[in-house]
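Structural overview
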Amino acid sequence: MTLVFHWGGPRHGEVDELPAESLLSSTLVYDGPKWFGVYEQFQPVRKQPTAQGQAEVWVVRE
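Along each chain, the written sequence defines residue order, and numbers are assigned to residues from 1. Thresholds applied to this predicted model are a pLDDT of at least 70 for local features of residues and 80 or more for the giving and counting of side-chain atom pairs; totals over whole chains, interfaces and linings are not thresholded and use all residues. Only hydrogens and water are set aside; all other atoms, that is, all heavy atoms of the structure, feed into the side-chain values.

**Some words on the overall build of the protein**
Our working rule: The helix and strand labels rest on DSSP assignments: H or I over at least four residues marks a helix, E over at least two residues marks a strand, and numbering proceeds from the N terminus. Based on C-alpha atoms, the radius of gyration is set beside the globule rule, defined as 2.2 Å times the residue count to the power 0.38. We call a residue buried when its accessible area falls under 20% of the maximum for its residue type, exposed when it is over 50%, and partly exposed in between, using a 1.4 Å probe and counting protein chains only. We count Lys and Arg on the positive side and Asp and Glu on the negative side, and we leave His and both chain ends out. Taken as the charge centre is NZ of Lys, CZ of Arg, CG of Asp or CD of Glu, depending on the residue.
Regarding its fold elements, the protein presents zero helices and six strands. Moving toward the C terminus, one meets the helices and strands of the protein in the order β-β-β-β-β-β. Taking 62 residues into account, the globule formula puts the C-alpha radius of gyration at 11 Å, and the protein, at 11 Å, falls close to it. Each principal axis of the C-alpha atoms in the protein carries an extent, and together these give about 25 × 25 × 20 Å. Taken across its 62 residues, the protein has 35% of its residues classed as buried. When the 5 basic and 8 acidic side-chain charges of the protein are each reduced to a single mean position, those positions are 4 Å apart.

**Things to note about the environment of A20**
Residue placement: A20 occurs in the loop between β2 (15-18) and β3 (27-31). Look at A20 and you get partly exposed, because its relative accessible area is 47%. Spatially, the C-alpha atom of A20 lies 6.5 Å from that of T2, the residues being 18 residues apart in sequence.

**Here's the deal with the nonpolar core**
To be explicit about the condition: To define a nonpolar core, start from buried Ala, Val, Leu, Ile, Met, Phe, Trp, Tyr and Cys residues and group those joined through side-chain atoms within 4.5 Å.
With seven residues, the main nonpolar core is built from V4, L18, L23, L28, Y30, Y39 and W58. Residues F5, V15, A55 and V57 belong to the second largest nonpolar core, which totals six residues.

Right under this line is the structure:
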């Protein structure tokens, strides 16, 4: 499992623990029902301290 910190968009500031297979692509796509959005891994890879631990930063793709 990997912690992901969302920057921008509808999930801004949220942290999710995602399985490794969800991160094989360079994009994360959320299609609801609560949120919609596409995020991509910040390059170069950046970590953000969170209450849950160090999380990879993924930014909203516009």
